[in-house]
Amino acid sequence: MISQTPYEAIGGEETIRKLVNAFYLRVAKDPLLRPIFPEDLTLTTQKQFMFLTQFLGGEPLYSNVYGHPMMRARHMRFQITPKRAERWLALMKEAMDEIGMEGPAREYMYQRLIQVAHHMVNSPDDET
Ligand code: HEM
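Values in this document were obtained by computation on a predicted structure and should not be read as measured data.

1. Here's the deal with the coordination of the iron atom of the ligand
Okay, so step 1: A lone protein donor contacts the iron atom of the ligand, and this donor is H75 (NE2), found at 2.0 Å.
Okay, so step 2: For H75, the location among the structural elements is in helix 5 (residues 71–75).

Structure (structure tokens):
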């Protein structure tokens, strides 16, 4: 049997495209996250599409353009509190539900996102 990357298992480009669109539509309406994101989420959505592609074993689209991900460093200029990390994950779960992702590949991806989201936390909750 030929083994699949997580990228292939979740449905590749089409799934990631749908996921980031559904996710940032939610970010745009979220009172806790909206204030730290840019007004126009077009580039943010595109960067996340590129990042998640490589994160799951697809082509290194993000690094090809922006260099080493260094995600924690790139998030340092924003107040990422535990509450914001939990909200980010909750919106990601809703987006996954909306586009109909399910099964072990979704679970694997979500577990890895939990780890990254917790790693991004750089401020205590009481600053929000
Ligand atoms: C960029 C917030 C977690 C991946 C950003 C930006 C904000 C943000 C405000 C800047 C948007 C922009 O300027 O376009 C958060 C918050 C998180 C979180 C509140 C909660 C924990 C994550 C996670 C990932 C991620 C878990 C990856 C799995 C990215 C990427 C960018 C980004 C790829 C674009 C970086 C760049 O400018 O090149 N995030 N983020 N973020 N975030 Fe997050």
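2. A short note on the packing of aromatic side chains
Okay, so step 1: A complete count under the given rule lists six aromatic pairs for this structure.
Okay, so step 2: Each ring, one from F51 and one from Y62, has its centre 5.9 Å from the other, and the planes form 85°; the classification is edge-to-face. With a gap of eleven residues between them, F51 in helix 3 (residues 42–55) and Y62 in helix 4 (residues 61–66) connect regions that are remote in the sequence.
Okay, so step 3: The class of Y62 is buried, set by a relative accessible area of 4%.
Okay, so step 4: Members of the aromatic cluster, each reached through a chain of ring pairs, are F23, Y24, F37 and W88.
Okay, so step 5: Stacked on the ring of Y66, the Lys or Arg K47 has its end atom at 4.9 Å from the ring centre.
Okay, so step 6: If you follow R112 out to its NZ or CZ, it ends over the ring of F55, 3.9 Å from the centre.

3. Section: helix 7 (residues 104–120)
Okay, so step 1: The terminal C-alpha atoms of helix 7, which comprises 17 residues, lie 25 Å apart, in line with the 24 Å expected from a rise of 1.5 Å per residue.
Okay, so step 2: Where helix 7 is buried, its residues touch helix 1 (6–10), helix 2 (12–27), helix 3, helix 5 and helix 6 (82–99).

4. Overview of the environment of Q79
Okay, so step 1: Note that Q79 resides in the loop between helix 5 and helix 6.
Okay, so step 2: A residue is classified by how much of its surface remains accessible, and Q79, at 33% relative accessible area, is partly exposed.

5. Some details on the environment of N122
Okay, so step 1: Topologically, N122 is positioned in the segment after helix 7.
Okay, so step 2: Here the alpha-carbon distance between N122 and I2, two residues 120 residues apart in the chain, equals 40 Å.
Okay, so step 3: Setting aside its immediate chain neighbours within four residues, N122 contacts R72, H75, M76, F78, Q79 and I80.
Okay, so step 4: In this structure the side chain of N122 is engaged in a polar contact, spanning 3.0 Å, whose partner is the backbone oxygen of F78.

Conventions and cut-offs
- Residues numbered from 1 in each chain as written.
- Predicted model: local features only at pLDDT ≥ 70, side-chain atom pairs only at ≥ 80, totals over all residues.
- Heavy atoms only, no water.
- Donors = N, O, S within 2.8 Å, 3.2 Å for Na, K, Ca; no water.
- Helix = DSSP H or I, 4+ residues; strand = E, 2+ residues; numbered from the N terminus.
- Phe/Tyr/Trp six-rings, centres within 6.5 Å; stacked < 30°, edge-to-face > 60°.
- Buried < 20%, exposed > 50% of the residue type's maximum accessible area, 1.4 Å probe, protein only.
- Lys NZ or Arg CZ within 6 Å of the ring centre and 35° of its normal.
- Expected span 1.5 Å × (residues − 1).
- Contact = heavy atoms within 4.5 Å.
- Polar contact = N/O pair within 3.5 Å; in protein donor to acceptor, adjacent residues only side chain to side chain.

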